[in-house]
Amino acid sequence: MKLPNMTLSPRQILDDVALCLVFFTRLPLPVLDFRGRGLAAAIWAAPVAGVVVGLIGAIVFATAERFGLAMGPAAALGLVSTVITTGCLHEDGLSDVADGFGGGKSRGRKLEIMRDSRIGAYGAVALALSLLTRWNVLSEFADPTQALFALVAAHAASRGLLGAFMHLLPPARSDGLSAGAGPVSLDTAIAGAVLGAIPLLLLGPGGAIAALILLGLLFAAFHALCLNQIGGQTGDTIGALQQVSEIAVLLVASVALS
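Residues numbered from 1 in each chain as written. Predicted model: local features only at pLDDT ≥ 70, side-chain atom pairs only at ≥ 80, totals over all residues. Heavy atoms only, no water.

Locating Ala220 in the fold gives a position in helix H12 (residues 204-230). The class of Ala220 is partly exposed, set by a relative accessible area of 44%. Sequence spacing of Ala220 and Phe165 is 55 residues, and the spatial spacing of their C-alpha atoms is 9.6 Å. (Helix = DSSP H or I, 4+ residues; strand = E, 2+ residues; numbered from the N terminus. Buried < 20%, exposed > 50% of the residue type's maximum accessible area, 1.4 Å probe, protein only.)

Written out as structure tokens, the structure is:
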């Protein structure tokens, strides 16, 4: 398989996909030997993990609707299934960033708050708004097929941005998840972004273009915000980027698929 300026053997492809599934989900996968492949090299495959998460949410949504639940409860169960599948990995990042950026006065204090496991008012509000917005969008779809397209597109595209974010911003601290992952190459970042963009075609040509424009604007704004607030990126900011990007694609899907 050849991705943009990046040639991988079939074994490396499988290793990278498996590594991203292990990292980005809590699925009961077997213990695997990745033969030295790390997250920075494998991050191009993050959209594949996103597709899996989106499919799980869509299957639960469709099953609940088939058994007679209204769209609201079915959407809630679909959303809950995606959160369980990821172990609230990205939601945790969103709440930490909201607390740190909202409550810290200095760069050091912001990073300190983000590392604190306790959740504050900013984090609680951010989580509530994230869950409420996603549930509201899903509950408005007329049938489970629309939810399927929206969830797969949103979860894949939002994770396709992570490699580019790690490539363009330096780690904000010398330790932690992001610093430990190492640098992401330009080729890997581009490959992840391209792979994440492909499922946006499920929203139709107009929806895909609108989603790409919105994601580009959000990426640029969040990039500038993180540089201004903490001088770089952390694992928490990566999670927050995924959350706001997922919401953005779902909002576009609510219009494009209606």
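The structure having been displayed, the exposition proceeds.
At their nearest, the axes of helix H3 (residues 46-66) and helix H8 (residues 144-160) sit 7 Å apart, and the two run at 160° to each other. With respect to each other, H3 and H8 are oriented roughly antiparallel. H3 and H8 meet at a crossing whose hand is right-handed. On H8, the residues touching Ala46, Pro47, Gly50, Val51, Val53, Gly54, Leu55, Gly57, Ala58, Phe61, Ala62 and Glu65 of H3 are Pro144, Ala147, Leu148, Leu151, Val152, His155, Ala156, Arg159 and Gly160. (Axes fitted to C-alpha atoms, helices over the stretch in contact; angles between N-to-C directions. Parallel < 35°, antiparallel > 145°, perpendicular 65-115°, else oblique. Left-handed = near helix turned anticlockwise from the far one by under 90°. Contact = heavy atoms within 4.5 Å.)

This brings us to the packing of H8 against helix H11 (residues 186-197). Between H8 and H11, the shortest axis-to-axis distance is 7 Å and the interhelical angle comes to 165°. Taken together, H8 and H11 sit at an angle that is classed as roughly antiparallel. Crossing of H8 over H11 shows left-handed handedness. On H11, the residues touching Ala156, Ala157 and Gly160 of H8 are Gly192, Ala193 and Gly196. By residue class, the composition of the contact of H8 with H11 is three nonpolar, three polar and no charged. (Nonpolar A, V, L, I, M, F, W, Y, C, P; charged D, E, K, R; others polar.)

This brings us to the packing of aromatic side chains. All told, the structure shown has three aromatic pairs when counted by the stated rule. An angle of 85° between the planes, with centres 5.9 Å apart, marks the rings of Phe165 and Phe219 as edge-to-face. Highlighted residues: Phe165 in helix H9 (residues 162-168) and Phe219 in helix H12, separated in sequence by 54 residues. A single burial state applies to Phe165 and to Phe219, both of which are buried. An aromatic cluster of at least three residues, connected via ring pairs, comprises Phe165, Phe219 and Phe222. (Phe/Tyr/Trp six-rings, centres within 6.5 Å; stacked < 30°, edge-to-face > 60°.)

For the structure on display, the rule yields five salt bridges. For Asp116, the salt bridge is made with Arg118, and the minimal N-O distance between the two is 2.7 Å. Asp116 gets classed as partly exposed once you look at its relative accessible area, which sits at 26%. Overall, the relative accessible area of 64% leaves Arg118 in the exposed class. When salt bridges that share partners are traced, they join Glu91, Arg134 and Glu246 into one network. (Salt bridge = Lys/Arg side-chain N within 4 Å of Asp/Glu carboxyl O.)

Turning next to the nonpolar core. Core analysis: the biggest nonpolar cluster contains 67 residues, and Leu200 and Leu203 have the highest contact counts within it. Sorting elements by how many residues they give to this core places helix H13 (residues 235-256) first, with eight residues. Those residues in contact with Leu203, other than ones at most four positions away along the chain, are Phe149, Ala150, Ala153, Ala208, Ala211, Val249, Val252, Ala253, Ala256 and Leu257. (Core = buried A, V, L, I, M, F, W, Y, C linked by side-chain atoms within 4.5 Å.)

Below, the discussion takes up a nonpolar patch on the surface. On the surface, a cluster of nonpolar side chains totalling about 450 Å² of accessible area is made up of Leu186, Ile190, Val194, Ile198 and Leu201. Residue placement: Ile198 occurs in the loop between H11 and H12. Overall, Ile198 belongs to the partly exposed group, its relative accessible area being 48%. (Patch = residues over 30% accessible without salt bridge, like charges linked within 9 Å, V, L, I, M, F, W, Y side chains within 5 Å. Areas by Shrake-Rupley, 256 points an atom, 1.4 Å probe, with all protein chains shown as cover.)

For the rest of this paragraph, the subject is the side chain of Arg173. Examined against the element boundaries, Arg173 turns out to sit in the loop between H9 and helix H10 (177-181). Within polar-contact distance, the side chain of Arg173 engages the backbone oxygen of Leu111 at 2.8 Å. Here Arg173 is in contact with Leu111, Arg115, Ala179 and Thr234, once residues within four sequence places are set aside. (Polar contact = N/O pair within 3.5 Å; in protein donor to acceptor, adjacent residues only side chain to side chain.)

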